[in-house]
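The chain contents come next:
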Amino acid sequence: MEYEIELACGRLRIRTVREELPLARLIGFASRQNPRRGFLFVSRVLGKHVPCAPRVMRDTYERLARALGDVPGPVLAIGLAETATGLGGGIADSLARGRARDDVLFQHTTRHRLDVPVLLRFDEVHSHAPDHILYRPDPALAARYRATETLVLIDDEITTGRTLTRLADALAGHLPALREIVILSLVNWLDPTARDRIAAALPVSTRFVSLLDGTFDFQPDPAFAPTLPAGVLAQRPAPRPARADLGRRALVMPPDGAAIARTAQDLVQGLADRPPEAVTVIGTGELAYPAFLVAEALEACGREVRFQGTTRSPILPGGAIADSLGCLDEHGEGVQNYLHNPPAPGACTIVVYESAHRDAAHRLPEQLGARVCVLPDDALTRAAPE
């Protein structure tokens, strides 16, 4: 099918060759406040820029996990920060649950400091915040990590594939048992020639999995000349390292859900004084997959729930972005963050944090009139594999 989309930044012409889910159900469109790339594909099922019901997100994860198939293990699934930290965790979770596997690891790249050794650094050239870090796994997982036979690299959409190709090639050198690479996304814009070129450049058999395949052409509007806003990069080091136990050093999937269930029950009790209205759960920055589990557990308690996340991505209002709320990051790096399509003032809202140590300049709960949920220390606990 063919589509034409007019944006402030220019005109997108899209041709899809396969739609497991309709394009309008999967993505919307917006303009970036970024001179490197003016357009943005805005996922409607990711729970990031557009609020989404957890059950819809889980359905997406399960569809992609089924499409991945019965791959040889151990499996290492890596989601790219920050947009695919939740998508990567959800797919790895659904793969492990759906096939009763105990050989699935999940890790995500990060832009935050940990006081542990770095495995790889790489850049995402078109991004507003290009630097990515992949830390070495927790020592208890190192042997399973090196024994990886299937590497699954996950992003919300694949446009050129350059970033994931570089990551796959570099990471393959640390995985001596690697047999297959799978590049997995909601939407894949690579034509067959580009896919063949990427597969030929990588050291093992490589394939692509997605819910929609197609190509696009973008004609920029010469009058559209945005500049990056201030604060897209860290202004100073965070006073404390980020948590290492929520995906930045690998996790065995799926986690024990007891701590998340307790957290959800506590939240339900805390909402007893409010009418049975819809609840918006907000994950902050890279904290997407664990916060999604909280939202999913609330939904299982019978609440109507919508999930979304804050982001570093500066996006202009228009198209899929109705409005945006700005706030400084919670880690204290002085990075400008945004909550796109925020809930209405006075709505029932819960903001989930990885730590109780929030920078004083971060005022998102006050801006929203929201309740705060801090993930417990054992949120994603599960014993390491033998």
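As shown above, the structure is provided for reference.
As the structure is a computational prediction, the values presented were derived from the model and not from experiment.

The rules we used
- Residues numbered from 1 in each chain as written.
- Predicted model: local features only at pLDDT ≥ 70, side-chain atom pairs only at ≥ 80, totals over all residues.
- Heavy atoms only, no water.
- Phe/Tyr/Trp six-rings, centres within 6.5 Å; stacked < 30°, edge-to-face > 60°.
- Helix = DSSP H or I, 4+ residues; strand = E, 2+ residues; numbered from the N terminus.
- Buried < 20%, exposed > 50% of the residue type's maximum accessible area, 1.4 Å probe, protein only.
- Pairing = 2+ DSSP bridges.
- Axes fitted to C-alpha atoms, helices over the stretch in contact; angles between N-to-C directions.
- Contact = heavy atoms within 4.5 Å.
- Core = buried A, V, L, I, M, F, W, Y, C linked by side-chain atoms within 4.5 Å.

A.B. asks: How do you make sense of the packing of aromatic side chains when you look at a structure like this?
C.D. replies: Ring pairs (aromatic) are described by centroid distance and by the angle formed between their planes. Going through the model one piece at a time under the given rule, you end up with 9 aromatic pairs. With a centroid separation of 6.0 Å and an interplanar angle of 70°, the aromatic rings of phenylalanine 29 and phenylalanine 41 are classed as edge-to-face. Taken together, the residues phenylalanine 29 in strand E3 (residues 27–32) and phenylalanine 41 in strand E4 (residues 39–43) connect sequence positions 12 residues apart. Exposure remark for phenylalanine 41: the relative accessible area of 4% places this residue in the buried category. Arranged with centres 5.2 Å apart and planes meeting at 80°, the rings of tyrosine 61 and phenylalanine 292 form a pair that is edge-to-face.

A.B. asks: Teacher, can you tell me more about the sheet that holds strand E2 (residues 10–19) here?
C.D. replies: In any sheet, the strands associate via hydrogen bonds between backbone groups, in a parallel or an antiparallel arrangement. Reading across the sheet, the 8 strands line up as E1-E2-E11-E10-E9-E5-E6-E12 and stay open at both edges, with mixed pairing between neighbours. Because the sheet does not close on itself, it has two edges, and the strands there are strand E1 (2–7) and strand E12 (251–253). Sheet twist, expressed as the average angle between the axes of neighbouring strands with direction ignored, equals 30°. Alignment of strand E10 (residues 180–188) against strand E11 (residues 205–220), held across 8 bridges, turns out to be parallel. Within the sheet, the bridge partner assigned to isoleucine 183 lies in E11 and is phenylalanine 208.

A.B. asks: Could you clarify how one ought to interpret the environment of alanine 250 in this entry?
C.D. replies: Mapped onto the elements of the fold, alanine 250 is located in the loop between E11 and E12. Given a relative accessible area of 6%, alanine 250 falls into the buried group. Taking the C-alpha atoms as reference points, alanine 250 and proline 137, separated by 113 residues in sequence, lie 5.5 Å from one another. Discounting residues that sit within four places of it in the chain, alanine 250 has contacts with Phe106, Gln107, Pro137, Leu141 and Tyr145.

A.B. asks: Mind showing me how you'd approach the nonpolar core here?
C.D. replies: The nonpolar side chains of a soluble globular protein tend to be buried, and buried together. Counting residues in hydrophobic clusters, the biggest one holds 70 residues, and the most contacted among them are Phe29 and Leu87. The element contributing the most residues to this core is helix H8 (residues 289–300), with 8 residues. Counting residues in each nonpolar core, the second largest holds 30 residues, with Leu76, Leu151, Ala168 and Leu202 among its members.

So, to be careful, I would describe these as geometric facts and stop short of saying anything about function.
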